[in-house]
Amino acid sequence: DSGVTQTPKHLITATGQRVTLRCSPRSGDLSVYWYQQSLDQGLQFLIQYYNGEERAKGNILERFSAQQFPDLHSELNLSSLELGDSALYFCASSASTGVSYGYTFGSGTRLTVV
Amino acid sequence: AQKVTQAQTEISVVEKEDVTLDCVYETRDTTYYLFWYKQPPSGELVFLIRRNSFDEQNEISGRYSWNFQKSTSSFNFTITASQVVDSAVYFCALSEFQGAQKLVFGQGTRLTINP
């Protein structure tokens, strides 16, 4: 167990729907990162939050949004889902703003859009 | 811009053979981190190693070893006496030292160890 908890593990939904993926970081970690792993694009950075504030954005679609709550858990919201959004979504956490403080991945949420 | 290239898409070897996975990276930063992750069929990302740009010492951990060469911007990974359990997709990744320190991943190498 890495200490980073992602729920749900699997999600199947229809095109046009909206889903929320949840991530609880490792105890004491302030930073949360979201990554998407798809067959087309590989593993890509989506967005980072640090202590409740957005710190960096990567290749995140406008239909996607995220937030980090006061208890430091984070949610990734995906709306108007398309078939191409089917992917494995990973959350990672670190103690501070990056890898020099350690970087731990959760086990991922596998999203299937049908 | 940062970039990681894993030119080997798939490798297949017979058990007990040694195998080297190549990783070439590009960055303008002088300080950065390099990683290797293993992704078994179950899907999780398993951390294998982190190396900072100032530490060019090669590292050995059991059957695993890593060769970091700044002169050629390479960070190769060798598995000695491979085992079936080593079958997985292996990712090399690069992170800047400043800013968000997000990971930039290579496309991965699918390694199959045949009995």
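In this text the structure is predicted, and so the values were computed from the model without any measurement.

Parameters and conventions
Residues numbered from 1 in each chain as written. Chains lettered and ligands numbered in written order. Predicted model: local features only at pLDDT ≥ 70, side-chain atom pairs only at ≥ 80, totals over all residues. Heavy atoms only, no water. Helix = DSSP H or I, 4+ residues; strand = E, 2+ residues; numbered from the N terminus. Rg over C-alpha atoms; globule rule 2.2 N^0.38 Å. Areas by Shrake-Rupley, 256 points an atom, 1.4 Å probe, with all protein chains shown as cover. Lys, Arg positive; Asp, Glu negative; His and termini not counted. Charge placed at Lys NZ, Arg CZ, Asp CG, Glu CD. Disulfide = S-S within 2.5 Å. Salt bridge = Lys/Arg side-chain N within 4 Å of Asp/Glu carboxyl O. Buried < 20%, exposed > 50% of the residue type's maximum accessible area, 1.4 Å probe, protein only. Pairing = 2+ DSSP bridges. Core = buried A, V, L, I, M, F, W, Y, C linked by side-chain atoms within 4.5 Å.

Asker: Requested: an account of the overall build of chain A, with residues and values cited.
Answerer: From N to C terminus, chain A includes 0 helices and 11 strands. The N-to-C order of helical and strand elements in chain A reads β-β-β-β-β-β-β-β-β-β-β. By the compact-globule yardstick of 13 Å for 114 residues, chain A fits well, its C-alpha radius of gyration being 13 Å. Across its three principal axes, chain A shows a C-alpha extent of roughly 40 × 30 × 25 Å. A total accessible area of about 5,200 Å² is found for chain A, and carbon and sulfur atoms account for 46% of it. Counting 8 positive and 10 negative side-chain charges, chain A places the averaged centre of each group 3 Å from the other.

Asker: Can you explain the state of the cysteines? Please cite residues and give values.
Answerer: When the sulfur atoms of two cysteines share a covalent bond, that bond is a disulfide. All names here are of chain B. A full pass over the atoms with the stated rule returns 2 disulfides over all chains. A sulfur-sulfur distance of 1.9 Å marks the disulfide that ties cysteine 23 to cysteine 92. Sign of the S-S torsion, about -65 degrees for the bond between cysteine 23 and cysteine 92, identifies this disulfide as left-handed. One end of the pair, cysteine 23, is in the loop between strand S3 (19-21) and strand S4 (24-26); the other, cysteine 92, is in strand S10 (residues 88-96), and 69 residues separate them in sequence.

Asker: Any chance you could break down the pattern of salt bridges for me, citing the residues and the numbers?
Answerer: Inspection of every chain in the model, using the stated rule, returns 6 salt bridges over all chains. Aspartate 85 of chain A is the partner of arginine 63 of chain A in a salt bridge, and the nearest nitrogen-oxygen pair spans 2.8 Å. Residue arginine 63 of chain A is located in the loop between strand S6 (53-57) and strand S7 (64-68), and its partner aspartate 85 of chain A is located in the loop between strand S8 (74-78) and strand S9 (87-94); the two are separated by 22 residues in the primary sequence. Two residues, arginine 63 of chain B and aspartate 86 of chain B, come together in a salt bridge whose shortest N-O distance is 2.8 Å. Of this pair, arginine 63 of chain B sits in the loop between strand S7 (59-61) and strand S8 (64-69) while aspartate 86 of chain B sits in the loop between strand S9 (74-79) and S10, placing them 23 residues apart in sequence. With a relative accessible area of 1%, aspartate 86 of chain B lands in the buried category.

Asker: Please provide a residue-by-residue account of the pairing of strand S5 (residues 42-50) of chain A, values included.
Answerer: Residues and elements named next belong to chain A. Among the 9 residues of S5, 9 are classified as buried, and the element is accordingly described as predominantly covered. Direction of pairing for strand S4 (residues 31-38) relative to S5: antiparallel, over a ladder of 8 bridges. Bridge pairing in S5 places tyrosine 35 opposite phenylalanine 45. Between S4 and S5, which follow one another and run antiparallel, lie 3 residues. With 4 bridges joining them, S5 and S6 adopt antiparallel strand pairing. Considered in S6, the bridge of tyrosine 50 is made with glutamate 53. Counting the residues that bridge the hairpin from S5 to S6 gives 2 residues, and of these asparagine 51 lies at a positive phi of roughly 50 degrees.

Asker: Explain the pairing of S7 of chain A to me, and be specific about the residues and the numbers.
Answerer: Residue and element names in this part refer to chain A. Residues of S7 alternate between two faces, with Phe64, Ala66 and Gln68 buried on one and Ser65 and Gln67 left unburied on the opposite face. Two strands pair when backbone bridges link them, and S7 and S8 are joined in this way by 5 bridges, in the antiparallel orientation. By the bridge assignment for S8, glutamine 67 is matched with glutamate 75. Connecting S7 to the next strand, S8, in antiparallel fashion are 5 residues, including leucine 72 with a positive phi near 80 degrees.

Asker: Hey, could you go over the nonpolar core for me, with residue numbers and the actual values?
Answerer: Soluble globular proteins: nonpolar side chains tend toward being buried together. The biggest cluster of nonpolar side chains holds 25 residues, and the ones touching the most others in it are Trp36, Trp66, Phe77 and Tyr90 of chain B. Where this core is concerned, the elements lending two or more residues are strand S2 (10-14), S3, strand S5 (32-39), strand S6 (46-52), S8, S9, S10 and strand S12 (109-114) of chain B. For this core, the element with the most residues is S10 of chain B, which contributes 4 residues. In this structure, Val19, Cys23, Tyr49 and Ile60 of chain A belong to the second largest nonpolar core, which totals 20 residues.

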